[in-house]
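As a plain string of letters, each chain reads:
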Amino acid sequence: MDVITLIFIYFFLFFLVGTLIKNNSIVDIGWGIGFVIISWYAWWTRKPVPIPVTVMTLMVTVWGLRLFYHIIRRNWGKPEDFRYAQWRKEWGSMVVPRAFLQVYMTQAFFMLVVALGIIFAGTDPEYWNPSLTGLGALIWIIGFYFEAFGDWQLEVFKENPNNKGKIMTEGLWKYTRHPNYFGEAVMWWGIYILSRASGAPFWVIISPAVITYLLVFVSGVPMLERAMIKRPGFKEYAEKTSVFIPWFPKK
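Residues numbered from 1 in each chain as written. Predicted model: local features only at pLDDT ≥ 70, side-chain atom pairs only at ≥ 80, totals over all residues. Heavy atoms only, no water.

K.L.:
Quick one: what's the story with the nonpolar core, residue by residue and with numbers?
P.N.:
Judged by nonpolar contacts, the single largest core of 60 residues is most densely connected at Phe35, Trp63, Tyr104 and Ile118. Setting aside residues up to four positions removed in sequence, Ile118 forms contacts with Phe35, Ile38, Ser39, Ala42, Met56, Val60, Trp188 and Ile191. (Core = buried A, V, L, I, M, F, W, Y, C linked by side-chain atoms within 4.5 Å. Buried < 20%, exposed > 50% of the residue type's maximum accessible area, 1.4 Å probe, protein only. Contact = heavy atoms within 4.5 Å.)

Encoded structure:
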């Protein structure tokens, strides 16, 4: 079985479940775990396995499992996410075929593109660049810190009933409005460098480029900011805080 077939079957199963329970937002739960499955599949089919591929596999596993746990704990027992609920309303009687194509298969396509660095890592088993391996691992760690710590800070903030309706402006959120999205993008640049350290071709740079573009211009920052723009204090927060790349707030 090749990677494309593996990804299709994976998202088709999510499609069946999402259709049965009428909740297409479960696809978000599968995002992180999907990359874990791809990573271990790639690792298992590489003989011998270069050191950067093993490092990459372990890092993707840590990221994927943490993201899975974070999303499932956040969404468990709650209704369909507002984005998917709105699409369900707009699509009406065509919700099943359109969800299959525009939700599940679209995510399958982007998972394949973003995973290119993983898929092509280690294609030359005799090539290993220790310096690039160290650099890639360091960049990944920085990204993981921003994503995981940013999520944790926001979660703690929301758990305080005194903060209901307020905007999170402390910690990492003081320097960027989206530390978790920034962190995810940085992690994929680290994965790209790790893939290059084990012989992947230069063109797999499309992987971090695509996920960064999606986060900044499509499904990450824009959608969340549209939902936040009417919240009290958001305009003032946005005027002084960097939208993506962390920087000192304006006075």
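Continuing now.
K.L.:
Provide a residue-level description of the packing of helix α3 (residues 51-75) against helix α7 (residues 130-159), including the pertinent values.
P.N.:
For the pair α3 and α7, interaxial distance at closest approach is 11 Å and the crossing angle is 10°. Compared by their axis directions, α3 and α7 come out roughly parallel. Of the residues in α7, those touching α3 at Pro52, Met59, Val62, Trp63, Arg66, His70 and Arg73 are Thr133, Ala137, Trp140, Ile141, Phe144, Glu147, Ala148, Asp151 and Glu155. (Axes fitted to C-alpha atoms, helices over the stretch in contact; angles between N-to-C directions. Helix = DSSP H or I, 4+ residues; strand = E, 2+ residues; numbered from the N terminus. Parallel < 35°, antiparallel > 145°, perpendicular 65-115°, else oblique.)

K.L.:
Residue-level account of the environment of Ile51, with values.
P.N.:
Along the polypeptide, Ile51 turns up in helix α3. Overall, the relative accessible area of 45% leaves Ile51 in the partly exposed class. Between the C-alpha atoms of Ile51 and Asn180, which are 129 residues apart in sequence, the distance is 28 Å.

K.L.:
I'd like a description of the pattern of salt bridges, backed by residues and values.
P.N.:
One pass over the structure, following the stated rule, counts seven salt bridges. Measuring nitrogen to oxygen at the nearest pair gives 3.5 Å for the salt bridge that ties Arg66 to Glu147. Here the residue Arg66 occupies a position in helix α3, and Glu147 occupies one in helix α7, the gap between them amounting to 81 residues. The partner of Arg73 in a salt bridge is Glu155, and the shortest N-O contact between them spans 2.2 Å. Placement of Arg73 in helix α3 and of Glu155 in helix α7 is noted, with a sequence separation of 82 residues between them. (Salt bridge = Lys/Arg side-chain N within 4 Å of Asp/Glu carboxyl O.)

K.L.:
Report on helix α4 (residues 82-91), specifying residues and quantitative values.
P.N.:
Those residues of α4 that fall on the buried side of the exposure criterion are Arg83, Tyr84 and Trp91. The buried residues of α4 occupy an angular sector of 90° when the element is viewed end-on, so they sit on one face. Residues of α4 that are exposed and angled more than 90 degrees away from the buried face: Phe82 and Lys89. Along its buried surface, α4 packs onto α5 (95-114) and α10 (221-228). A positive backbone phi angle near 55° is found at Gly92, which sits one or two residues after α4. (Arc of directions from axis to C-beta.)

K.L.:
Can you lay out the side chain of Asp28 for me, pointing to particular residues and giving the numbers?
P.N.:
Structurally, the position occupied by Asp28 is in the loop between α1 (3-21) and α2 (29-44). The contact partners of Asp28, leaving out residues within four places of it in the chain, are Ile71, Arg83, Tyr84 and Gln107.

K.L.:
Residue-level account of unusual backbone geometry, with values.
P.N.:
With an omega dihedral of -5°, the bond running from Lys47 to Pro48 counts as a cis peptide bond. With respect to the helices and strands, the residue Pro48 is situated in the loop between α2 and α3. Phi at Lys22 is positive, roughly 55°, even though this residue is not glycine. Relative to the helices and strands, Lys22 is located in the loop between α1 and α2.

Shape descriptors only; they carry no functional weight alone.
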